[in-house]
Amino acid sequence: VQLQASGGGLVQAGGSLSLSCAASGRTFSSYVMGWFRQAPGKEREFVAAISWSGGTTYYTNSVKGRFTISRDNAKNTVYLQMNSLKPEDTAVYYCAAGTLLSRTPSPYDYWGQGTLVTVSS
């Protein structure tokens with residue numbers, strides 16, 4: 001599976017961005033998908049994850065109520081809608097695919113290249 005993340009950019013605090021991650025291959029619907037982020041000088045951290053059907057979602061506490069993860073298996077794409085953005089959301093955002101719905105990076109087998117989100121105050 002190859003993943004291509006897009007949609008990052010510069011936005012003011014309080015604004016919104018929508019990230020997309022397009023996957024190649026016919027087995028996209030069998031993978032759980034996750035979004036992680038890495039800020040400068042910090043470790044990669046979990047943001048959100050979604051089951052293969054979309055019926056189960058996980059979020060880290062700091063984004064609950066502001067971010068929404070979703071997927072369209074017909075389009076082989078997972079999305080991350082980010083609202084009410086804060087400067088502390090600034091990071092490179094990575095999408096990942098795996099077979100185990102998890103809040104940790106290790107179960108994810110495939111990673112996209114990352115897309116930079118910068119939130120100005």
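This text goes with the structure placed above it.
Residues numbered from 1 in each chain as written. Predicted model: local features only at pLDDT ≥ 70, side-chain atom pairs only at ≥ 80, totals over all residues. Heavy atoms only, no water.

Undergrad: Would you take a moment to explain the state of the cysteines for this structure?
TA: The bond known as a disulfide is covalent and runs between the sulfur atoms of two cysteines. Inspection of the entire model under this criterion finds one disulfide. Between the sulfur of Cys21 and that of Cys95 lies a disulfide, 2.1 Å long from S to S. Taking the sign of the torsion about the S-S bond as the criterion, the disulfide between Cys21 and Cys95, at about 60°, is right-handed. One end of the pair, Cys21, is in strand S3 (residues 17-23); the other, Cys95, is in strand S9 (residues 91-98), with 74 residues separating them in the sequence. Here the two residues Cys21 and Cys95 agree in accessibility, since each one is buried. (Disulfide = S-S within 2.5 Å. Helix = DSSP H or I, 4+ residues; strand = E, 2+ residues; numbered from the N terminus. Buried < 20%, exposed > 50% of the residue type's maximum accessible area, 1.4 Å probe, protein only.)

Undergrad: Looking at this structure, how should I read the packing of aromatic side chains?
TA: For any pair of aromatic rings, the description consists of the separation of the ring centres together with the inter-plane angle of the planes. Under the criterion given, the structure shown has five aromatic pairs. A centroid spacing of 6.3 Å and a plane angle of 65° characterise the contact between Tyr108 and Trp111, whose relative ring orientation is edge-to-face. Since its relative accessible area comes to 4%, Tyr108 is described here as buried. With a relative accessible area of 29%, Trp111 lands in the partly exposed category. One aromatic cluster in this structure is built from Phe36, Phe46, Tyr108 and Trp111. Geometry around Trp111 places Arg44 over its ring, the cationic atom sitting 4.8 Å from the centre. (Phe/Tyr/Trp six-rings, centres within 6.5 Å; stacked < 30°, edge-to-face > 60°. Lys NZ or Arg CZ within 6 Å of the ring centre and 35° of its normal.)

Undergrad: Is there a simple way to think about the environment of Ser84 in this case?
TA: By the secondary structure assignment, Ser84 is in the loop between strand S8 (77-82) and S9. Expressed as a C-alpha distance, the spacing of Ser84 and Leu17, which sit 67 residues apart in the sequence, is 9.3 Å. What Ser84 contacts, discounting residues up to four positions off in sequence, is Gly14, Gly15, Ser16, Arg66 and Asp89. (Contact = heavy atoms within 4.5 Å.)

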